[in-house]
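Observations on the model geometry
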Amino acid sequence: MKKILFPILLFLISVTFVVAQEWPVARPEARPSTRWWWLGSAVDKANLTYNLEQYAKAGIGGVEITPIYGVQGNDANDISFLSPQWMQMLQHTQNEGKRLNITIDMNTGTGWPYGGPSVSVEDAATRAIFQEYALQGGEQLAELIEPKDEQQRPVAKLSRLMAYSDKGQTLNLTNKIKNGKLDWIAPQGKWRLIALFNGKTFQLVKRAAPGGEGYVMNHLSAKAVDNYLSNFDKTFTTNKFSYPHTFFNDSYEVYESDWTPELLDEFARRRGYKLENYFPELLDTTLMNGKRPEKTVRIISDYRETLSELLKENFTRRWTAWAHRNGSITRNQAHGSPGNLIDLYASVDIPECEGFGLSEFNIEGLRKDSLTRHNDSDLSMLKYASSAAHISGKPFTSSETFTWLTEHFRTSLSQCKPDLDLLFISGVNHVFFHGTPYSPREAEWPGWLFYASVNMSPTNTIWRDAPAFFEYITRCQSFLQKGKPDCDFLLYLPIYDMWQEQPGRLLTFDIHKMKSRAPKFIETVNKITECGYDVDYISDDFIRTARCHNGRIITSGGAGYKALIVPAVHLMPEDVLRKIVQLVKEGADIVFMENFPEDIPGFGNLEKRRQTFKNVRSELPVTLFSETRATTMQKGRIITGSDYTLTLAECKAIPEEMKTKYGLQYIRRSETDGYHYFISALQNTGVDGWLTLSVPAKSTVIYDPVTGASGMAKTRQLNGKSQIYLQLRSGESVIVKTYNDIKTESDFKQWVYFTEQPVSLSLDHGWTLRFTDSEPAINGTFPIDRTVSWTTINHPDATRNSGTALYAVDVTLPALKADDWILDLGDVRESARVRINGEEAGICWAVPFRLSVGKYLKEGINRIEIEVTNLPANRIADYEQRGVNWRIFKEINLVDLNYKQTGYAHWETMPSGLNSPVKLIPVDKLNPL
């Protein structure tokens, strides 16, 4: 691959200048990582080295090994998971990772969720099976007490048999069963008998690799988790293999697992009453005026809280402690689970969110594909993981990145950038692609593939210019991993409202259902961010351990916030409300929106707890929420209201004008010498003007993560606030670093601002086209006069090839009367390398497809060459039309966005190359006043 040169305008003034201007040192964690699919674990040392070398050369900093199903007809090369041969391949990978400076992580299993051959039926995922019987007084049950489901009958064990009379009497008849027969005559009245069996879901590991097939384990059982992890200890310690850097757990997809054998005992210990005495309420589905009875929803809320605690304690924390004992850390996706997402994310070392689908930002010039799915992970969803990391003091938030942005073979780097920027804005600073299949060098194109896009690998044409994209990620993350989070507010997560309001019994918080799970909370998040503030979510447990220092709320992880916002919440534990009142008395600002909490959650010891709650509640001021009011309570304040703009304005935080006035998205982090922002124009407009920062700044420096350029920005003080002049086009992003002291030209060179001249030069004739890399090969040079998609040229293979074409033109320029020139490539399909007069001028991989090229131009004739690489969509469509058998994978094989085997033969030809006129735009330096 040719060396990539970016147009970085650096003038070396002094050693001090060079050091101050450098980007942060990029650790391996700052470079992008990827999920590395091992299909069938059919790997060999030579190809492991080949793959890793390709990744390292492109700029990948880490891989996470996840073995999955194999390739058809390749069974002889499959390697059983954790077998001696598999461990040798892992050891070779770890050795090569050290040599290439690539971090090696692995899944604690194959496919997902955790499970496999070591999981016995007893340790398998468990579900409650309730069966009911009816008796009248004097009757005896004739049928056996056993599961009616024949599949469950051999494995499901009776836990309880309870009897409930129409007079309100409750009896435990479990010990009256002998050999499946109930030895009991019903007393007078009508009796409802409910039997509980600890059944099994019989769920098998999804997408399992050889040696990883088997039952999914019971994540709620400490014994099952210990037994599962002991299998890894036997393999690693017995053979003295090194544990990986990080163990990974994918999203919680343990379907219908709503129970564990010890749940009833744990419920009684934690909630203070026996759940078996209330099975009728637990199973109640009746509605009164559209609502379930209060007693029912309270008991179900207690059940849901118990599941959440068991998952956190018996799986997440236990797995993390095990990893720590072995010198590893953990990375976990909590979403999809039936637990409190904040607490689950916070209990591991690296919380990981997930982007799923393509967001719509209406960015100017960004092409739209008809074959996409909407991104269900909006900002409100993504912030669960980063909030947990921030409040618990974890340095990294990772993301499963680019899952199903578009169909296979159709995703461009330019389509990736907006959703990547959204992840950064949400707090992600450790990107993991989803993903990169291991593919042998000798495999025929398109190589080995995973069933879900995006394929971020050398077999994809986007890989040619991906190093520039990876460098963008590295530059961004080198800043985003520095300093500390600097969100304005904490936002209370009303988990008890969710647990008590949502229908059903088992409640999971997966990406695709959050809009229905937490609509009010999502609306609150959006209102706060639209007001120009940033928030982290906080759970009840983290409020319990928070403190106030100098008017700021400090979490147990050391993060500080200007106030805590309590949305329009109905339920709150009495001790949490007491803690909030205590924080106010210590000097904190607490914002209650629309109402004060009105009641406590749960059912146990209800009236006594209610009285305690009322006593604490009585300390809150009497207020009308229809107007904004701040009430002082000792050292702090309680702020109330219903209008977010007015109410939040009462707090100590200053809204960011870049959001409220210009619509820009941002995230801010603090450092000892100032702050830094990541800012992105995720909208159809940009900004060209002064904007007020919410933090003080004596000096500011702009860093362009696309080109690597940097310079001291124009900064001024106006009405006691700091302002920076910023030029940002739709789709662009930038990093702004603020300093508490004044910097000079001895520290930094000046950032150059430009204004376009009214007349541009349209390069609309004299072009030629030839292919430098094409499959199938296309020879010859084609005069095309103006820049058009190469699919329109007169060649039979031009509509079905993938590769790179060179567009070239000679441009005669008079004496240059401009401070610089911008080369605007227009509509690029899909990325382009620019060479002018034999010099590399840069890579365009995202909108706007523009480069600063003035330093490469000269008076007279200039040779402009643009190498454009397309997507492999036309080539794969041709394969399908000709019946080429490339879908060679087992299990799910290759599916579309809707998980159907639709095929690609019907796809229309996608434009390739330069799809619009190219322009040279003269620009003059701008000196903002």
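Before going into details, it helps to say that this report is about the structure given with it. (Residues numbered from 1 in each chain as written. Predicted model: local features only at pLDDT ≥ 70, side-chain atom pairs only at ≥ 80, totals over all residues. Heavy atoms only, no water.)

**Quick notes on the overall build of the protein chain**
- Looking only at helices and strands, one finds 20 helices and 47 strands in the protein chain.
- Here the protein chain has a C-alpha radius of gyration of 31 Å; the compact-globule value for 929 residues is 30 Å, and the two agree.
- Judged by the C-alpha coordinates and their principal axes, the protein chain covers about 110 × 75 × 55 Å.
- In the protein chain, buried positions account for 63% of the 929 residues.
- Restricting to contacts in the protein chain with at least 6 residues of sequence separation, those with at least 24 account for 79%.
- Summing over all exposed atoms, the protein chain offers an accessible surface of approximately 35000 Å²; the carbon and sulfur share of this is 49%.
- With 104 positive and 110 negative side-chain charges, the protein chain shows a spacing of 4 Å between the two charge centroids. (Helix = DSSP H or I, 4+ residues; strand = E, 2+ residues; numbered from the N terminus. Rg over C-alpha atoms; globule rule 2.2 N^0.38 Å. Buried < 20%, exposed > 50% of the residue type's maximum accessible area, 1.4 Å probe, protein only. Contact = heavy atoms within 4.5 Å. Areas by Shrake-Rupley, 256 points an atom, 1.4 Å probe, with all protein chains shown as cover. Lys, Arg positive; Asp, Glu negative; His and termini not counted. Charge placed at Lys NZ, Arg CZ, Asp CG, Glu CD.)

**A short note on the sheet that holds strand β37 (residues 767-775)**
- The six strands are arranged β38-β37-β39-β45-β42-β43 in an open sheet whose pairing can be described as antiparallel. Across the chains shown, the open sheet's two edge strands, defined by having one partner strand only, are β38 (781-785) and β43 (839-844). Across the sheet, the axes of successive neighbouring strands diverge by a mean angle of 25 degrees, strand direction being ignored.
- Here four bridges tie β37 to β38, and the two strands are oriented antiparallel to one another. Pairing of W767 across the sheet is with D785, part of β38. (Pairing = 2+ DSSP bridges. Axes fitted to C-alpha atoms, helices over the stretch in contact; angles between N-to-C directions.)

**With respect to the pairing of strand β30 (residues 699-703)**
- With five of five residues buried, β30 is to be regarded as a mostly interior element.
- Here β30 pairs with strand β34 (residues 733-739) via five bridges, running antiparallel. Looking at β34, one finds that I702 is bridged to V736.
- Looking at chain direction, β30 and strand β31 (residues 710-712) are connected through three bridges and run antiparallel. Paired with V701 across the strands is M712, a residue of β31.
- Between the antiparallel neighbours β30 and β31 lie six residues, among them G708 with a positive phi of about 90 degrees.

**Details of the pattern of salt bridges**
- As enumerated under the stated definition, the model contains 72 salt bridges in all.
- Residues D541 and K312 are paired through a salt bridge, measuring 3.4 Å at the closest nitrogen-oxygen approach. With D541 in helix α15 (residues 540-544) and K312 in helix α7 (residues 294-325), this residue pair connects regions lying 229 residues apart in the sequence.
- According to the relative accessible area criterion, D541 is partly exposed, its value standing at 31%.
- For D673, the salt bridge identified is with K737, shortest N-O distance 3.0 Å. Residue D673 is located in the loop between β27 (665-671) and β28 (674-680), and its partner K737 is located in strand β34; the two are separated by 64 residues in the primary sequence.
- Judged by its relative accessible area of 30%, D673 falls in the partly exposed class.
- Classification of K737 by relative accessible area gives buried; the value is 2%. (Salt bridge = Lys/Arg side-chain N within 4 Å of Asp/Glu carboxyl O.)

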